[in-house]
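Residue strings, one per chain:
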Amino acid sequence: EASGTICDNSVPCSSGCPAGDDATSLCDGRYTGTTVYLYGKELSGTIPPQLGDISLLKHLSLEGNSISGTIPAEMSKLSQLKYVRLYNNIISGTIPSDMGKLSQLYNLWLNNNAISGTIPPETGKLSQLNILSLTTNSLSGTIPAELSKLSQHDVLSLHSNSISGTIPSETG
């Protein structure tokens, strides 16, 4: 059963983590799947840093839960990651600049959270990125010029934030 907490950092992660498709804990280093799909499972708690150890992970879907805390920097270790769907949660903090290391990332959905700070310029390194959805957060600052490097963009959604400036023209 996936219902419950993702990870209570005051106890060993495996005792608070949901299981993957094969009933293996997502936090103890044994899960080797390519997909974590836990949409709308009434999850709460934080995203465990151990998720960054699932080296083959391509799809991470935790949307539609009550996940709080921040996006762990360890996610930047997921070199195969293509789809990140963390929308409709209560995630706070900033977008880690190391997310720019996810060279295979195709979709990044972080909308409808409580994410603050600015859009990291490193986002411009995501050359495969097709969808960047950051709507309805608490982002501020200007749109980084580096986003002009994203020639694959079909969707750039930034409304309902405190972002200013113009969308950089594509140079790709």
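Each chain carries its own residue numbering, running from 1 in the written order of its sequence. Side-chain atom pairs in this predicted model are given and counted only at pLDDT of 80 or more, local residue features only at pLDDT of at least 70, and totals for whole chains, interfaces and linings cover all residues. Note: side-chain values were computed over all heavy atoms of the structure, leaving out hydrogens and water.

Caption draft 1: Summary view of the confidence of the model for the protein chain. The score called pLDDT rates the predictor's confidence residue by residue, from a low of 0 to a high of 100. Averaged over all residues, the pLDDT of the protein chain equals 85, while 81% of them reach at least 70. Mean pLDDT values over the elements of the protein chain span from 44, in strand β1 (residues 4-5), up to 98, in strand β8 (residues 116-117). Note on definitions: a residue-residue contact is assigned when non-hydrogen atoms from the two residues lie within 4.5 Å. Low confidence marks residues 1-15, where pLDDT is under 50. Its contacts with residues over four positions away, or in another chain, come to 38 contacts. Numbering goes from the N terminus for both helices and strands, where a helix is a DSSP run of H or I of at least four residues and a strand is a run of E of at least two.

Caption draft 2: Here's a closer look at the nonpolar core. Formed by 36 residues in total, the largest nonpolar core has its most connected members in L60, L81 and L86. Sequence-distant contacts of L60, defined by excluding residues within four places in its chain, comprise V36, L51, M75, L81, Y83, V84, R85 and L86. Put simply, a nonpolar core is a bunch of buried Ala, Val, Leu, Ile, Met, Phe, Trp, Tyr and Cys residues held in one set by side-chain atoms that sit within 4.5 Å of each other. Residue burial is assigned from relative accessible area. The probe radius is 1.4 Å, only protein chains are included, and a residue is buried under 20% of its type maximum, exposed over 50%, and partly exposed in between.

Caption draft 3: Highlighting the packing of aromatic side chains. Any two of the Phe, Tyr and Trp rings considered here, Trp counted by its six-membered ring, make a pair once their centres fall within 6.5 Å; the pair's planes then place it as stacked at under 30 degrees, edge-to-face at over 60, or tilted in between. Going through the model one piece at a time under the given rule, you end up with three aromatic pairs. Seen in terms of ring centroids, Y87 and W109 are 5.8 Å apart; in terms of plane orientation they differ by 55°. Their pairing is tilted. Taken together, the positions of Y87 in the loop between β6 (83-85) and β7 (107-109) and W109 in strand β7 put the pair 22 residues apart, joining distant regions of the chain.

Caption draft 4: Here's a closer look at the pattern of salt bridges. Each salt bridge in this description consists of a side-chain nitrogen of Lys or Arg and a carboxyl oxygen of Asp or Glu lying within 4 Å of one another. Throughout the structure, instances matching the rule amount to two salt bridges. For K77, the salt bridge goes to D53, with nearest N and O atoms at 2.8 Å. Note that K77 is positioned in the loop between β5 (66-68) and β6 and D53 in the loop between β3 (43-46) and β4 (59-61), a separation of 24 residues in sequence. Accessibility expressed as a relative area gives 47% for K77, which makes it partly exposed. D98 is the salt-bridge partner of K101, the closest N and O atoms lying 3.9 Å from each other.

Caption draft 5: Layout of the sheet that holds strand β10 (residues 138-142). The parallel open sheet is built from three strands, whose spatial order is β8-β10-β12. Pairing within the sheet leaves two strands with one partner each, and these edge strands are β8 and β12 (162-164). Criterion used throughout: strands pair if DSSP finds at least two bridges between them. Bridge count for β8 against β10 is two bridges, and the pairing is parallel. Of the residues in β10, the one forming a bridge with G117 is L139.

Caption draft 6: A look at the sheet that holds β4. Ordered in space as β2-β4-β6-β7-β9-β11, the six strands form an open sheet in which the pairing is parallel. Only two strands of the sheet have a single partner each, and these edge strands are β2 (35-37) and β11 (155-157). Going across the sheet, the axis of each strand differs from the next one's by a mean of 10°, ignoring polarity. Bridge analysis of β6 against β7 gives three bridges, and the strand direction is parallel. Looking at β7, one finds that Y83 is bridged to N107. As a rule, the C-alpha atoms of each element are fitted with a line to give its axis, helices using only the stretch in contact, and angles between N-to-C directions run from 0 to 180 degrees.

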